[in-house]
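# A closer look at the structure
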Amino acid sequence: MSRRRTLSPKKKLALLVSAAAVAGGGAFVMATTSNAAPVQNASNSTVCQGLATALGNNQTFIDGQRAKPDAQSQARIANREAVIAQIKVQQAASNCQVGESAQGPQAAQPAQPAQPAQPAQPAKPAPSAPGKQQTTPPAQGAGGGAATGRQVCAGSTVTLSGEGGAPAASSNQFPAGTKLKVTNLDNNKSTTVQVTSVSGSCALLNNAAFEQVREPGKFLIRRALIEKVG
């Protein structure tokens, strides 16, 4: 005759508790996994788009320095690589795809937007001096959109370079010493800064300058007015 082993009530209870613990642990793991926020990118997050644009602009600058190096290129590249590393930290903290890069739109012909103001100019010359009518409009229109106090780089977005220091800007269209006024049309905040270095976009603000015009939680100004004021 075979003997059947029977479990005591205590052993049955212990097995039931163990099974429940395993099931509960699995449920906890599933719940934890399902609650994890998905990583965002530039296509579905304004914050991620701003950071990706900033990273892309810095990479473009580095590529340009490597393509046409000079005595200061290595120092500039090292500086921008440090900026990119900081941007990647911000991407991770913002749950963005780390290392995602994008290029901000740049105006190819910044001089054109200010030209509509020229039609009012022919009325200024006096009829008694017709010979001067041809010289006055070209002199005023020669600067086009790059004239002092006039809009430049129409259509460009503005983001931050990630660099520290006093408020300043970098640009690929204006030399060092140029003063640019950047206005965020979404909150009407503006800042006037001096171009201190070269970048991959029309106007790239450093951290201090960007803080003066930014909207909370955003790293990109979609609707920007950029003016050359000095």
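Below, the structure is looked at part by part. (Residues numbered from 1 in each chain as written. Predicted model: local features only at pLDDT ≥ 70, side-chain atom pairs only at ≥ 80, totals over all residues. Heavy atoms only, no water.)

## Section: the environment of Asn184
Counting through the fold element by element, Asn184 comes out in strand β4 (residues 179–184). The buried category is assigned to Asn184, whose relative accessible area is 2%. Along the primary structure Asn184 and Thr157 are separated by 27 residues, whereas in three dimensions their C-alpha atoms are 9.8 Å apart. Not counting chain neighbours up to four residues away, the residues in contact with Asn184 comprise Lys189, Val213, Arg214, Glu215, Ile221 and Arg223. (Helix = DSSP H or I, 4+ residues; strand = E, 2+ residues; numbered from the N terminus. Buried < 20%, exposed > 50% of the residue type's maximum accessible area, 1.4 Å probe, protein only. Contact = heavy atoms within 4.5 Å.)

## Focus on unusual backbone geometry
Residues other than glycine predominantly adopt negative phi, and peptide bonds predominantly adopt the trans conformation. Of note, the phi angle at Cys153 is positive, near 55°, even though the residue is not glycine. Tracing the sequence through the fold places Cys153 in the loop between β1 (150–152) and β2 (158–159). Residue classification places Cys153 among the buried positions, given a relative accessible area of 2%. Phi at Asn188 is positive, roughly 60°, even though this residue is not glycine. For Asn188, the position within the fold is in the loop between β4 and β5 (189–197). Asn188 sits in the exposed class, given a relative accessible area of 64%.

## With respect to the nonpolar core
By size, the foremost hydrophobic cluster in this structure holds 31 residues, and its most contacted members are Val158, Phe174, Leu205 and Ile226. The greatest single-element share of this core, amounting to six residues, is contributed by helix α2 (residues 46–67). (Core = buried A, V, L, I, M, F, W, Y, C linked by side-chain atoms within 4.5 Å.)

## Points about the pattern of salt bridges
The full count for this structure, using the stated rule, is six salt bridges. As a salt-bridge pair, Arg223 and Asp186 come within 2.8 Å of each other at their nearest N and O atoms. With Arg223 in the loop between β7 (220–221) and β8 (224–228) and Asp186 in the loop between β4 and β5, the pair connects residues that are 37 residues apart, well separated along the chain. When its relative accessible area of 36% is taken as the criterion, Asp186 is described as partly exposed. (Salt bridge = Lys/Arg side-chain N within 4 Å of Asp/Glu carboxyl O.)

## A look at the state of the cysteines
Following the criterion strictly, the structure yields two disulfides and no others. Covalently, Cys48 is tied to Cys96 through a disulfide, its sulfur atoms 2.0 Å apart. Note on the Cys48 and Cys96 pair: the S-S dihedral is about -85°, so by sign convention the disulfide is left-handed. With a gap of 48 residues between them, Cys48 in helix α2 and Cys96 in the loop between α3 (73–93) and α4 (136–141) connect regions that are remote in the sequence. Residues Cys48 and Cys96 agree in their burial class; the two are buried. Should the bonded cysteines of the protein chain be numbered as they appear in the sequence, the pairing reads 1-2, 3-4. (Disulfide = S-S within 2.5 Å.)

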